[in-house]
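Chain by chain, the residues:
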Amino acid sequence: MKTRLAATVGAARAVAIYRQLTEWQLRALPDDWPVTVYYDPPDAGEQMAQWLDPWRQGLRYVAQCPGDLGARLTAAFAKEFSHAPGPVLAIGGDCPGMDGMILAAAAQAMQTAEVVLGPAVDGGYYLIGLKAPHPSLFCGIAWSTAAVLAQTRALVRKNRLRCHELPWLEDVDDAASLSRAWENCRLPVTA
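Before going into details, it helps to say that this report is about the structure given with it. Since we're looking at a predicted model, the values are computed, not measured. Per chain, residues are indexed from 1 in the order of the written sequence. Under the rules for a predicted model, residues below a pLDDT of 70 receive no local features and side-chain atom pairs below 80 are neither given nor counted, while totals for whole chains, interfaces and linings still include all residues. In computing side-chain values, all of the structure's heavy atoms are included and hydrogens and water are not.

**Some remarks on the overall build of the protein**
Next, step 1: For the protein, the count of helices and strands is 7 helices and 6 strands.
Next, step 2: The way it works is that DSSP assigns letters per residue, a run of H or I at least four long becomes a helix, a run of E at least two long becomes a strand, and they are numbered from the N terminus. Each helix (α) and strand (β) of the protein, taken in turn from the N terminus, gives the series α-α-β-α-β-α-β-α-β-β-α-β-α.
Next, step 3: Atoms counted for the radius of gyration: C-alpha only. Globule rule: 2.2 Å times residue count to the power 0.38. Here the protein has a C-alpha radius of gyration of 16 Å; the compact-globule value for 191 residues is 16 Å, and the two agree.
Next, step 4: Working definition: with a 1.4 Å probe on protein chains only, accessible area under 20% of the residue-type maximum means buried, over 50% means exposed, and in between means partly exposed. A burial count over the protein gives 42% of its 191 residues as buried.
Next, step 5: Contacts are assigned to residue pairs that have any heavy atoms within 4.5 Å of one another. Sequence-distant contacts, at least 24 apart, represent 62% of the contacts inside the protein between residues at least 6 apart.
Next, step 6: Per-residue and other accessible areas were derived by the Shrake-Rupley procedure at a 1.4 Å probe size, with only the shown protein chains allowed to occlude residues. By element, 56% of the accessible surface of the protein is carried by carbon and sulfur atoms, the whole surface being about 10,000 Å².
Next, step 7: Charge-centre separation for the protein: the mean point of 17 positive side chains lies 6 Å from the mean point of 19 negative side chains. Counted charges follow a simple rule, with Lys and Arg positive, Asp and Glu negative, and His plus the chain ends left uncounted. The atom standing in for a charge is NZ when the residue is Lys, CZ when it is Arg, CG when it is Asp and CD when it is Glu.

Below is the structure:
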């Protein structure tokens, strides 16, 4: 759940908003892209399918591994690259500005870049795309802080990877960012 959002709007409303944000994000994905939903807690697979299958057919569901976000991203990228050669994009469900045009730009950039980053206003990123696995990009990051993007950029440079950055966007973390998303993206959040 979005804990910072819950602190400003209440837990029940935060869950309803997150559900709407995720559905909004799912609709933005191109129809021909294979999509894997990584979820937590590990026993929520059936609930996830009941919720998301009506929004998009052909979703694959995988429980997230334990650990911090770096461990979970490392495992998810490894699993996705074990199924297909890539590239692989990882996105969250809380950035309503990430529309079809942004996703198309990310896919286009993956043709020449080894890493694609979608920088978020809060200092993190709303999207990371990799042409091949690079687990070192997820090590030593102060997750859930304003340093995530800067630390990731430093690791990209250290590994001498070609990187492309997408436009800056804002994800929804609290009532203020929700209000801005509602205005800027005509976000249909009514909960």
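Back to the write-up after that little detour.
**Structural notes on the pairing of strand β4 (residues 115–119)**
In regular strands, side chains alternate between the two faces of the sheet.
Next, step 1: Counting buried residues in β4 gives 5 out of 5 residues, a clear majority hidden from the surface.
Next, step 2: The alternating pattern of β4 places Val115, Leu117 and Pro119 on one face and Val116 and Gly118 on the opposite face, and all of these are buried.
Next, step 3: Strands pair, by our definition, only if DSSP identifies at least two bridges between them. Here β4 pairs with strand β5 (residues 125–130) via 5 bridges, running antiparallel. Residue pairing across strands places Val116 opposite Gly129, the latter belonging to β5.
Next, step 4: Counting the residues in the hairpin turn of β4 and β5 gives 5 residues, including Gly123, whose phi is positive at 100°.
Next, step 5: Pairing geometry for β4 and strand β6 (residues 163–165), over 3 bridges, is parallel.

**Details of the sheet that holds β4**
Next, step 1: Taken in spatial order, the 4 strands of this open sheet run β3-β5-β4-β6, and their pairing is mixed. Among the strands making up the open sheet, the edge pair consists of β3 (88–91) and β6. Sheet twist, expressed as the average angle between the axes of neighbouring strands with direction ignored, equals 15°.
Next, step 2: The angle between two axes is taken between their N-to-C directions and runs from 0 to 180 degrees, where each axis is a line fitted to C-alpha atoms and a helix contributes only its stretch in contact. Of the strands in this sheet, β3 and β5 are in contact with helix α4 (residues 69–83), which crosses β3 at around 145°.
Next, step 3: Of the strands in this sheet, β3, β4, β5 and β6 touch helix α5 (residues 100–109), which is tilted by about 30° from β5.

Just geometry here; none of it tells us what the structure is for.
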